[in-house]
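Listed below are the residues making up each chain.
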Amino acid sequence: MAASRQVATFRLPPLPTIGEIIKLFKLRAVKQLSQNFLLDLRLSDKIVRNSGNLKDAHVCEVGPGPGAITRSILNAGVAELLLVEKDPRFIPGLQMLSDAAPGKVRIVHGDILTYKLEKAFPQHLKKKWGDDPPNIHIIGNLPFSVSTPLIIKWLENISERNGPFSYGRIPMTLTFQKEVGERLTASTGTRQRSRLSIMAQYLCTVHNCFTIPGQAFVPKPEVDVTIVHFTPLVKPKIEQPFKLIEKVVQSVFQFRRKYCHQGVRILFPEAERLKKAEQMLMLADVDPTLRPTQLSVFHFKNLCDVYRKMCDEDPKLFAYNYRDELKQKKNRNKSNLERTEDNSL
Ligand code: SAM
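The structure contained in this document is the topic of the report that follows. In every chain, residue numbers begin from 1 and rise along the written sequence. Per-residue local features of the predicted model are confined to residues with pLDDT of at least 70, and side-chain atom pairs are confined, for both listing and counting, to 80 or more; whole-chain, interface and lining totals are unaffected and use all residues. Side-chain numbers here rest on the full set of heavy atoms in the structure, without hydrogens or water.

Re the overall build of the protein chain
Now for step 1: Strands are runs of DSSP state E lasting at least 2 residues, helices are runs of H or I lasting at least 4, and numbering of each runs from the N terminus. Regarding its fold elements, the protein chain presents 13 helices and 9 strands.
Now for step 2: Residue burial is assigned from relative accessible area. The probe radius is 1.4 Å, only protein chains are included, and a residue is buried under 20% of its type maximum, exposed over 50%, and partly exposed in between. Burial statistics for the protein chain: of 345 residues in total, 48% are counted as buried.
Now for step 3: Of all intrachain contacts in the protein chain linking residues separated by at least 6 positions in sequence, the fraction that spans at least 24 positions is 70%.
Now for step 4: Note on areas: Shrake-Rupley, 1.4 Å probe, and residue coverage restricted to the protein chains presented here. A total of about 17,900 Å² of accessible surface is found on the protein chain, and carbon and sulfur atoms cover 53% of it. Here a residue-residue contact requires only that any non-hydrogen atoms of the pair lie within 4.5 Å.

In C-alpha cells, the structure reads:
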C-alpha cells in the first residue's frame, strides 16, 4: 500500500533554483510590465495548498513567469498543467519544467485576457452547474493591472456560465494588491466595502487566504500581495443580468461617503430623478440614509430586482447614462456661452 502510494506521488527531479533560472535565461524583470517574481518555494507551496486538493486535477496557471508556483503545482500531483504566459522570454525556462514533468505540461505563449479557455480542458471534465466543482483549477500571480480587469471578466463569465465556466464552477486562486484583496472580501459596514465586494460576493464564496509582504518578491513591489480564493456559487445571490447589476452597484458607489439615495438618483434622467429614486428605494425596502458601504448583498438584490422592473416598464431607462447627460449639459452651456459672447461683440 505504502509502495503504491509512493509510485503514485509525483515529485519534480532536482532542478536549478528559480534564482538560477532567472540568471540562466537572463530574465530581468520588466518594470513597465509590473513583473515581480516569487523565489521562495515555501510561499508558492502555500499558495498552491490554499487552492485546494490538486491531486489528478487539470490546472491552468496564468502568468507563470520563471515558474515558482508552476513547480508547486506540479509537485501537488496534477494530471495536467496548462501555462498561459505572455512574455516569450519565459518560454525556454517553462519548457525545462515541462521536460522534467513529461506529458503533464502544455505551454501557451499568449495573453490571458484574450486566450479562449472554453476549449482548454478535456470535454469529459465538464460538470453541471449544480454539481460539485469539476477537478479543474485556475491559479495565478499576475500583474495587478491585469488581475483586476481579468477578475471582472471572469465574474461576468461566471454569471453567464461561459468562458472557462462552461466546465462548471471552477475555483480560482489569484493574487491581488492587498487593498484590492480586502475590497473583494470586505463585509457589510467595513471601510473597504466597495463595488468589487458586491460584484464578487453575489456570485462567489470569496476567501482572503493570506498576505505576502512585498519584500518576498524580486524586485519588491510598492505594495503587499494578497491571495484570494473564489468558488462560484450554485445560485447567485442576485439573479439579474451582470450588466444591470454592474450599473446599479456602480451608481450607488459613485458617492461612497454620501447617503445611498444620491447614487440611486443617477440611475434616472434629471426630470424624474427624485421621484423615481424615492420610489425605487421604497419598493426595495432600503433606507435612503444608509451609506453605500452599509448595504448588504441582499439590499443590492432588492435594488436590482426593482430597477429591472422599472427598466421593463420603460425600455429607454436602461440605456440612460448619467455621465452622458452631464456631458451634453456642459456642451449646451458652453455653446450658449459662446453665442452670448458672439452677440456682445
Ligand atoms: N507567477 C510568477 C511568479 O509568481 O513569480 C510571475 C509573476 S509576475 C507578477 C506576472 C507574470 O504574468 C509575468 O510572467 C508576466 O509576463 C505574465 N503576464 C503579464 N500579463 C499577462 C497576460 N495578459 N497574459 C499572460 N501572462 C501575463
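Structure's up, so let's keep going.
A short note on the site of the ligand
Now for step 1: Here a residue is considered near a molecule or strand provided that any single heavy atom belonging to it is located within 4 Å of it. As a structural note, the neighbourhood of the ligand is formed by 21 residues, with Leu-38, Gly-63, Glu-85, Asp-111 and Asn-141 the closest of them.
Now for step 2: Within the backbone of Gly-65, an N or O atom sits 3.4 Å from an oxygen atom of the ligand.
Now for step 3: The definition of a polar contact used here is a pair of N or O atoms within 3.5 Å, where within protein one atom must be able to donate a hydrogen and the other to accept one, and adjacent residues in sequence count solely through side-chain atom pairs. Taking Glu-85, its side chain carries an N or O atom lying 2.6 Å from an oxygen atom of the ligand.
Now for step 4: Contact with the protein chains hides 97% of the accessible area of the ligand, taken as 590 Å² for the molecule alone.
Now for step 5: Under a 2 Å grid-point criterion requiring more than half of the atoms, the pocket assigned to the ligand is the largest pocket.
Now for step 6: Those elements that provide at least two residues to the shell around the ligand are β1 (37-38) and β3 (80-85).
Now for step 7: Class assignment for the residues of the shell around the ligand results in 10 nonpolar, 7 polar and 4 charged. Of the grid points, spaced at 1 Å and generated over the protein atoms alone, those admitting a 1.4 Å probe that cannot get out make up cavities, while open sets with protein on both sides within 12 Å along at least five of seven lines make up pockets; any residue with an atom within 4 Å of a point is treated as lining. Each molecule is assigned to a cavity or pocket provided more than half of its atoms lie within 2 Å of the corresponding grid points. All amino acids are sorted into three groups, where Ala, Val, Leu, Ile, Met, Phe, Trp, Tyr, Cys and Pro are nonpolar, Asp, Glu, Lys and Arg are charged, and the leftover types, Gly among them, are polar.

So, the nonpolar core
Now for step 1: Here, the term nonpolar core denotes a set of buried Ala, Val, Leu, Ile, Met, Phe, Trp, Tyr and Cys residues that are joined through side-chain atoms within 4.5 Å. Grouped together as the largest cluster of nonpolar side chains are 67 residues, with contacts concentrated most on Trp-154, Phe-230 and Phe-300.
Now for step 2: Ignoring any residue separated from it by four or fewer positions in sequence, one finds Phe-230 in contact with Ile-151, Ile-170, Pro-171, Met-172, Leu-174, Phe-176, Leu-184, Ala-200, Cys-204, Thr-205 and Val-206.
Now for step 3: The next biggest cluster of nonpolar side chains, apart from the first, holds 35 residues, and it includes Leu-27, Leu-43, Val-78 and Phe-217.

Remarks on the pattern of salt bridges
In a structure, side chains of opposite charge can pair up when their charged atoms sit close to one another.
Now for step 1: Basic side-chain nitrogens of Lys or Arg form a salt bridge, by our definition, when they fall within 4 Å of a carboxyl oxygen of Asp or Glu. Overall, the coordinates contain 13 salt bridges when judged by the stated rule.
Now for step 2: A salt bridge links Arg-106 to Glu-80, with the nearest nitrogen and oxygen atoms 3.5 Å apart. Here Arg-106 is found in strand β4 (residues 105-109), whereas its partner Glu-80 is found in strand β3, with 26 residues between them in sequence.
Now for step 3: For Arg-106, a relative accessible area of 31% translates into the label partly exposed.
Now for step 4: The shortest N-O distance in the salt bridge between Arg-89 and Asp-87 comes to 2.9 Å.
Now for step 5: The class of Asp-87 is buried, set by a relative accessible area of 9%.
Now for step 6: Within this structure, Glu-156, Lys-243 and Glu-246 form a network of salt bridges that share partners.

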